[in-house]
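Residue-level listing of the chains:
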Amino acid sequence: MLVLTLLSLSVWLVLLFGRSWFWRADQVLPAAEPPEDWPAVAVIIPARDEAETIGRVVQRHRQSGYPGDLRIFVCDDHSSDDTAEKALAAKGQHEVEVVPVPDLPEGWSGKLWALQAGLDRAAEVMPDASYVLFTDADIKTETSLLEKLVAAAERQDLALTSIMAELNAKARWGKLLIPAFIFFFQKLYPFPAVNNEKRQMAAAAGGVMLVRREALEAIGGLDAMCGALIDDCTLAAKIKGTGRKIGLYLSTSFAEAISLRSNESYSSMEKMVARSAYTQLGYSPLALAGTLIGMVLVYLVGPGIFLTLPFHGQGTAALVGLIVWIAMAIAYWPTLKRYGARKGRAFDLPLAALIYAWFTWLSAWRHWQGKGGQWKGRSYPSSKPS
């Protein structure tokens, strides 16, 4: 048992000091001087049965203070509710257009096909637009965000500028699992490494992605990644692979970019994670086994041994287990702090990790049952992620 706890401790020492300081959660969108000329931007929002949120989202975009040419394209992907009507009813100064999405062709994911419909329409009415803003139908942004994104992209020559929106963590399940989700994402894709043009690490947050049109064309457009289920990170990898700079940042405040999804229930969290967890592992049973074993070693061994071994006369192993748990809490606290949590909740990370390990197993199980990649009423066949 002592060997296991020492191994777990060594992993945490690497994570704390050798993983680009990801856990500091300090990568926020940098302030930048405005450009001399504001480029035209096409805002493209894929929407499928989003009547609950689309009105509020589109209204924020229509009320944007962006000084340049701006047009919003809501890509209505065969919604069965009044998504289109709610989008058109939103008030504001910038034009909004609802683009009917054609039937989904074989080989495309639903979201990317909807985005492609928006891109095609934008090419017709805004052929000179320098940027496209891909954003979700449940992400409400402050009216100055686009200005900040474009200014940063222009001044830093970023081909892709992405914001990790603040997710709703008010309810019980959200409080437990949402900060952990953000922490795991930062650990998997350390933002400082992503933002370092000399590193190969690439990632993006699909809720808010400002993309240079020429950079998108350089990778062959969305057609080059048409079947990707983890479309944001796939896009980031392809763009950075051409030698261009990308930026991935945390939202500087809850007002800057916030998700309107409630995350109140267990089922909503399960769907969000299990949809693509096995895809992230390349549909590999070996990667699945390694991930689950790694989750146990990294997050469960230390706390588990600390809580059980003092009763069996193995005090040294228990002490090391406590040190592991404390190191874990120290790393987790900066992310938790962003969500206004109490410091004591930093010790909840092992429980959250256990639940995420379960979600990962469910993702694989559903894939083996032919039900993988389910989202918005669709199931997608397996394909290796780019």
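So, a few notes on the structure that sits alongside this text.

## A closer look at the overall build of the protein
Summing up its helical and strand segments, the protein has 14 helices and nine strands in all. For 386 residues, the compact-globule formula gives about 21 Å, and the C-alpha radius of gyration of the protein, at 22 Å, lands near that figure. Structurally, the protein occupies a C-alpha span of about 75 × 50 × 40 Å along its principal axes. Sequence-distant contacts in the protein: of pairs separated by 6 or more residues, those separated by 24 or more amount to 81%. For the protein, the accessible surface area stands at approximately 17,000 Å², while carbon and sulfur atoms represent 56% of it.

## Focus on the environment of S363
Locating S363 in the fold gives a position in helix α14 (residues 349-368). Once the C-alpha coordinates of S363 and K198 are considered, the two residues, 165 residues apart in sequence, prove to be 34 Å apart. Excluding anything up to four places from it in sequence, S363 contacts A274, S276, A277 and Y278.

## Regarding the sheet that holds strand β2 (residues 70-76)
Taken in spatial order, the seven strands line up as β3-β2-β1-β4-β7-β6-β8 in an open sheet, and their pairing is mixed. This sheet does not close on itself; its edge strands, each paired only once, are β3 (95-100) and β8 (245-250). Taken pair by pair, the neighbouring strands of this sheet meet at an average axis angle of 20°, ignoring direction. Together, β1 (41-47), β2, β3 and β4 (131-135) form the strand contacts of helix α2 (residues 54-62), whose direction differs from that of β1 by roughly 180°.

## Overview of the state of the cysteines
This model, assessed by the stated rule, comprises zero disulfides. The thiol sulfur of C226 is not disulfide-bonded, and the nearest other cysteine sulfur, from C75, lies at 17 Å. Summary of cysteine pairing: C233 is not part of a disulfide, and the nearest cysteine sulfur, belonging to C226, is at 18 Å.

## Digging into the side chain of R71
Positionally, R71 belongs in strand β2. Residue classification places R71 among the buried positions, given a relative accessible area of 18%. There is a polar contact of 3.2 Å between the side chain of R71 and the side chain of E97. Setting aside residues no more than four positions away along its own chain, R71 makes contact with V41, A42, V43, E95, E97, V125 and M126.

## What about the pattern of salt bridges?
What the rule picks out here adds up to 17 salt bridges. Residue E142 pairs with K148 through a salt bridge whose shortest N-O separation is 2.5 Å. A relative accessible area of 16% means that E142 is categorised as buried. Residue classification places K148 among the partly exposed residues on the basis of a relative accessible area of 34%. Taken together, the salt bridges that share partners define one network made up of R71, E95, E97, R121 and E124.

## Digging into the nonpolar core
Among soluble globular proteins, nonpolar side chains are generally buried collectively. In terms of nonpolar packing, the biggest core is built from 87 residues, with W12, F134, F183 and Y299 touching the most fellow members. Among the elements that take part in this core, helix α13 (residues 315-338) stands out by supplying nine residues, more than any other. One finds I54, V57, A90 and V98 within the second-largest nonpolar core, a separate group that totals 35 residues.

## What to know about the pairing of β1
Counting buried residues along β1, seven of its seven residues qualify, which places the element largely inside the surrounding structure. Where burial is concerned, the two faces of β1 agree: the one with V41, V43, I45 and A47 and the one with A42, I44 and P46 are both buried. Here β1 runs beside β2; their pairing, made up of seven bridges, is parallel. From the neighbouring strand, V43 faces β2, where its bridge partner is I72.

The rules behind the values
Residues numbered from 1 in each chain as written. Predicted model: local features only at pLDDT ≥ 70, side-chain atom pairs only at ≥ 80, totals over all residues. Heavy atoms only, no water. Helix = DSSP H or I, 4+ residues; strand = E, 2+ residues; numbered from the N terminus. Rg over C-alpha atoms; globule rule 2.2 N^0.38 Å. Contact = heavy atoms within 4.5 Å. Areas by Shrake-Rupley, 256 points an atom, 1.4 Å probe, with all protein chains shown as cover. Pairing = 2+ DSSP bridges. Axes fitted to C-alpha atoms, helices over the stretch in contact; angles between N-to-C directions. Disulfide = S-S within 2.5 Å. Buried < 20%, exposed > 50% of the residue type's maximum accessible area, 1.4 Å probe, protein only. Polar contact = N/O pair within 3.5 Å; in protein donor to acceptor, adjacent residues only side chain to side chain. Salt bridge = Lys/Arg side-chain N within 4 Å of Asp/Glu carboxyl O. Core = buried A, V, L, I, M, F, W, Y, C linked by side-chain atoms within 4.5 Å.

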